[in-house]
Amino acid sequence: MRTFLLSAALATCAASGANATIVEVSIYGYVGYNAVREGVLNKFDVPSGSAVKISFLLDSTQYMNDPDGLPTRGYFVNQASYAATFNGITVGMQNPFPDGQIPMFVVRDNDPAVDGFFLSTGTAYPAPLPTTANGAFGPLGTYFMSSYDGNMLSSLDIVGAVGTWDYTGLSLFGFNVDDGGFEAMGLDFDHMTIAVVPAPATLGVLLPLAFRRRRR
């Protein structure tokens, strides 16, 4: 599941017509501060107040539950679809992704007593996802987590989480750009949308991504 090749894309498209649902996740916010000095996301080109959007696709049938029994489920991020845009500057996910790791969007249901979401390479806790932008200590990573009241979700099914998530019921969030364990850019969360990609559009969305990934 770590590599999104053409054959995998075709299989996903075929499955989506039967029992899979393609979902788009979009996280919106603003730059609170930026301490990145060089590279495409430097503080001069991405000043405080800049708009931020992180978006990606996932397949509702492609996931892993927490192996230790935590009430979390990690949905595998379609790596080719991942786009993090800061003040109009878009970066993708590190390619190839670190060996042995899988980028995931994790759903939490009563974990414990709270519902929520986070980005990670595991299902237990949030972790930054490395991008194609470099910082002082290697690839910059996008970090996101949110905790909501425990009655916001009724299951770990991503389709059940479709909608707009803002500050209603929000108790905690973390949103930043990480550089080697340091918070290089602080981000203010505004809202997140989880939306189903209409079935007729699924093939048109995934096939160009599959071909683009194949050529790299």
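Please read these numbers as outputs of a predicted model, since none were measured by experiment.

(A) Structural context of the overall build of the protein chain. A tally of helices and strands in the protein chain yields 2 helices and 12 strands. Sequence-ordered secondary structure for the protein chain, helices as α and strands as β, is α-β-β-β-β-β-β-β-β-β-β-β-β-α. By residue count, 46% of the 216 residues in the protein chain fall in the buried class. Long-range pairs, those at least 24 residues apart, make up 68% of the contacts in the protein chain with a sequence separation of at least 6. Per element, the accessible surface of the protein chain, about 9800 Å² overall, is 54% carbon and sulfur.

(B) Just the pairing of strand S8 (residues 129–135), in detail. As defined by bridge partners, S8 adjoins strand S9 (residues 138–149) across 4 bridges and the pair is classed as antiparallel. Each residue of the ladder has a partner; that of Asn134, found in S9, is Pro139. Between S8 and S9, which follow one another and run antiparallel, lie 2 residues.

(C) Molecular detail of the packing of aromatic side chains. Overall, the coordinates contain 12 aromatic pairs when judged by the stated rule. A ring pair is formed by Phe137 and Phe182, whose centres lie 5.6 Å apart and whose planes are at 35°; its orientation type is tilted. Within this pair, whereas Phe137 is found in the loop between S8 and S9, its partner Phe182 is found in strand S12 (residues 182–196), the two being separated by 45 residues in sequence. Neither residue differs from the other here; Phe137 and Phe182 are each classed as exposed. Arranged with centres 5.9 Å apart and planes meeting at 40°, the rings of Tyr167 and Phe189 form a pair that is tilted. Taken together, the residues span a long stretch of sequence, with Tyr167 in the loop between strand S10 (163–165) and strand S11 (170–179) and Phe189 in strand S12 at a distance of 22 residues. One aromatic cluster is present, built from ring pairs that chain together Phe56, Tyr82, Phe105, Phe117, Tyr148 and Trp165.

(D) Highlighting the environment of Tyr148. Mapped onto the secondary structure, Tyr148 falls in strand S9. Once the C-alpha coordinates of Tyr148 and Leu170 are considered, the two residues, 22 residues apart in sequence, prove to be 4.4 Å apart. Contact partners of Tyr148, with chain neighbours within four places excluded, come to Val114, Asp115, Gly116, Phe117, Trp165, Asp166, Thr168, Gly169, Leu170, Ser171 and Phe189.

(E) A look at the side chain of Asp178. Considering the arrangement of structural elements, one finds Asp178 in strand S11. Buried within the structure, Asp178 lacks any salt-bridge partner; Arg37 is the closest side chain of opposite charge, at an N-O distance of 16 Å. There is a polar contact of 3.4 Å between the side chain of Asp178 and the backbone nitrogen of Gly180. Among the polar contacts made by the side chain of Asp178, one reaches the main-chain amide nitrogen of Gly181 at a distance of 3.1 Å. Every residue in contact with Asp178, bar those within four places of it in the chain, is listed here: Pro128, Pro139, Leu140 and Gly141.

(F) Summary view of the pairing of strand S6 (residues 104–108). S6 sits mainly inside the fold: 5 of its 5 residues count as buried. Burial of S6 is two-sided: the residues Met104, Val106 and Arg108 facing one way and the residues Phe105 and Val107 facing the other way are all buried. Pairing of S6 with strand S7 (residues 114–120), which is carried by 5 bridges, proceeds in the antiparallel orientation. The partner of Val107 across the bridge, within S7, is Phe117.

(G) Seen up close, the pattern of salt bridges. Inspection of the entire model under this criterion finds 1 salt bridge. Here Asp111 and Arg108 are joined by a salt bridge, their closest N and O atoms 2.9 Å apart. Since its relative accessible area comes to 12%, Asp111 is described here as buried. Looking at Arg108, the relative accessible area reads 9%, which means it is buried.

Rules behind the numbers
- Residues numbered from 1 in each chain as written.
- Predicted model: local features only at pLDDT ≥ 70, side-chain atom pairs only at ≥ 80, totals over all residues.
- Heavy atoms only, no water.
- Helix = DSSP H or I, 4+ residues; strand = E, 2+ residues; numbered from the N terminus.
- Buried < 20%, exposed > 50% of the residue type's maximum accessible area, 1.4 Å probe, protein only.
- Contact = heavy atoms within 4.5 Å.
- Areas by Shrake-Rupley, 256 points an atom, 1.4 Å probe, with all protein chains shown as cover.
- Pairing = 2+ DSSP bridges.
- Phe/Tyr/Trp six-rings, centres within 6.5 Å; stacked < 30°, edge-to-face > 60°.
- Lys, Arg positive; Asp, Glu negative; His and termini not counted.
- Salt bridge = Lys/Arg side-chain N within 4 Å of Asp/Glu carboxyl O.
- Polar contact = N/O pair within 3.5 Å; in protein donor to acceptor, adjacent residues only side chain to side chain.

Interpretation in functional terms is not warranted from these geometric data alone.
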